[in-house]
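Fold and contact review
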Amino acid sequence: MLTLRCPYCGVDADETDLHGEGQAHLKREGPGSSDEDFEDYLFMRENPKGVHFERWRHAYGCGKYFHAARCTSTLQVFGTYSAQTLEPPQDIKDKISGARPGWS
Amino acid sequence: MSEAISALNGKVAAGEVTVREAGLRGMIILRGDLSDKKLRKVCTALTGVKVPEQGQANCDGDKGLCWMSPDELLVLVPYAEATQAVTTIEAALSGTHFLAENVSDARAVIFVEGRFCREVIAKLAPVDLHPDTFQPGDFRRTRLGQVAAAFWMLDEDTFEVICFRSVAAYTFDLLAASAKAGAVGMFPTPE
Ligand SMILES: [Zn+2]
């Protein structure tokens, strides 16, 4: 069972308290974008075996969206962080580098 | 105006741990900047308790404040005072970005009272309720069985639970069944 700490509530929320919201840090392609970019934005997702960044929502709790960095093969959680960011914060990147040298 | 009746009209399932619907209760959802002085002042003026820290509930009888999220409080007042309380909040916060809504009739309040009340809740929620991690004053929004709920501990023998009115019967029956099934013995229980 996956347990993630909600950065807004500070509680360890069980997977059943949460709702997965897919890949994190997508750049939205809106009106004016090319068909290819728009298609990528809508449909194309990474599916890595290893380090992955995801959006989650504390659905049964505060209702807020947040980000999680974890490993898809071991389920190791590197950390969770605010949704108000375009990329993972440095401390999360450092933790991943410590556990998975050379990750990308 | 028609006579208001709570979801389960004070239903009781008596036992070693008793489950009891609280009856009518005034509940106001307040969203806004929880660090705002005006907001904190009006909340305390209405309830007589301090604005709770993250993950806490400060309650005194029918009145209280619960921390729902970084920008949301649940304001508890006697049922008859809820409408006036919303008016008071609106007057106090006029001109600032906030939302106050009387949700008294959309919710139900249920008490779980007795020696192993911790275990009655722990069987139903994905929350660590060990005395080392959950104490009187702690507040948690989560699920009970299949439905969204929130609960907090008033004292070592009492939990107060809130849920949506539409699932009050389910929540009550769930809690009553958990109470009837007895203690598990996972946690040290007070003598
Ligand atoms: Zn949360």
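For clarity, every value in this text was computed on a predicted model and none was experimentally measured.

Reading guide: rules and limits
- Chains are numbered independently. Their residues run from 1 in the order of the written sequence.
- A letter from A marks each chain and a number from 1 marks each ligand, given out in the order of writing.
- Given that the model is predicted, a residue must reach a pLDDT of at least 70 before its local features are reported, and side-chain atom pairs must reach 80 or more before they are shown or counted; all residues, however, enter totals for whole chains, interfaces and linings.
- Note: side-chain values were computed over all heavy atoms of the structure, leaving out hydrogens and water.
- The contact criterion used is simple: two residues touch if any of their non-hydrogen atoms lie within 4.5 Å.
- Two parts placed together each lose some accessible area; with a 1.4 Å probe, that loss summed over both constitutes the buried area.
- For salt bridges, the criterion is a side-chain nitrogen of Lys or Arg within 4 Å of an Asp or Glu carboxyl oxygen.
- Two N or O atoms count as a polar contact when they lie within 3.5 Å, although within protein this holds only if one can serve as hydrogen donor and the other as acceptor, and sequence-adjacent residues are included solely when both atoms are side-chain atoms.
- For helices the rule is a DSSP run of H or I covering at least 4 residues; for strands it is a run of E covering at least 2, with both sets numbered from the N terminus onward.
- Two rings belonging to Phe, Tyr or Trp (six-membered ring only in the last case) form a pair when the distance between their centres is within 6.5 Å. Interplanar angles under 30 degrees mark stacking, angles over 60 mark edge-to-face geometry, and anything in between is tilted.
- Three labels apply to residues, based on accessible area from a 1.4 Å probe with only protein chains included: buried if under 20% of the type maximum, exposed if over 50%, partly exposed otherwise in between.
- Multiply 1.5 Å by the residue count of a helix minus one, and that product is the helix's expected span.
- We call two strands paired when DSSP finds no fewer than two bridges between them.
- To obtain each axis, a line is fitted to C-alpha atoms, and for helices this fit is confined to the stretch in contact; angles are then taken between N-to-C directions over 0 to 180 degrees.

Listed by partner, the interface residues are 15 residues for chain B and 13 residues for chain A. Here chain B meets chain A over a buried area of about 1,100 Å², counting both sides, of which 46% is carbon and sulfur. The three residues of chain B that bury the most area against chain A are Arg140, Arg141 and Arg143 of chain B, which together make up 39% of that side's buried surface. Ionic pairing is found between Arg140 of chain B and Asp17 of chain A, a salt bridge with its closest N-O pair at 3.3 Å. Our count for the chain B to chain A interface comes out at 9 residue pairs in polar contact (both at pLDDT 80 or more). At the level of elements, β5 (63-69), β9 (139-144) and β10 (147-155) of chain B are the ones that each hand at least two residues to the side of chain B that touches chain A. Per-element accounting of the side of chain B that touches chain A gives the leading share, 4 residues, to β9 of chain B.

What follows deals with the packing of aromatic side chains. Residues and elements named next belong to chain A. If you walk through the whole model with that rule in mind, you get 6 aromatic pairs over all chains. With centroids separated by 6.5 Å and ring planes inclined at 40°, the aromatic side chains of Phe38 and Tyr41 adopt a geometry described as tilted. Residue Phe38 and its partner Tyr41 are located together in helix α1 (residues 35-43), separated by 3 residues, close to a single helical turn. On the basis of relative accessibility, which here comes to 37%, the residue Phe38 falls in the partly exposed class.

Residue and element names in this part refer to chain B. Look at helix α4 (residues 168-180): 18 Å from first C-alpha to last across 13 residues, which is about the 18 Å you get at 1.5 Å a residue. For α4, the full list of buried residues reads Ala168, Thr171, Phe172, Leu174, Leu175, Ala176, Ser178 and Ala179. In the segment just after α4, Gly182 is the residue with positive phi, at about 95°.

Take the sheet that holds strand β11 (residues 158-164) of chain B next. Residues and elements named next belong to chain B. As summarised here, the arrangement of the 6 strands in space is β1-β2-β8-β11-β10-β9, forming an open sheet in which the pairing is antiparallel. Taken across any chain shown, the strands that pair with only one partner, and hence form the sheet edges, are β1 (12-13) and β9. Bridging between strand β2 (residues 17-21) and strand β8 (residues 107-114) involves 5 bridges; their strand directions are antiparallel. Opposite Thr18, over in β8, you have Glu113 as the bridge partner. Here α4 sits on the sheet and contacts β1, β2, β8, β9, β10 and β11; the angle it forms with β2, its principal contact strand, is near 170°.

Remember, this is a structural readout, not a statement about activity or role.
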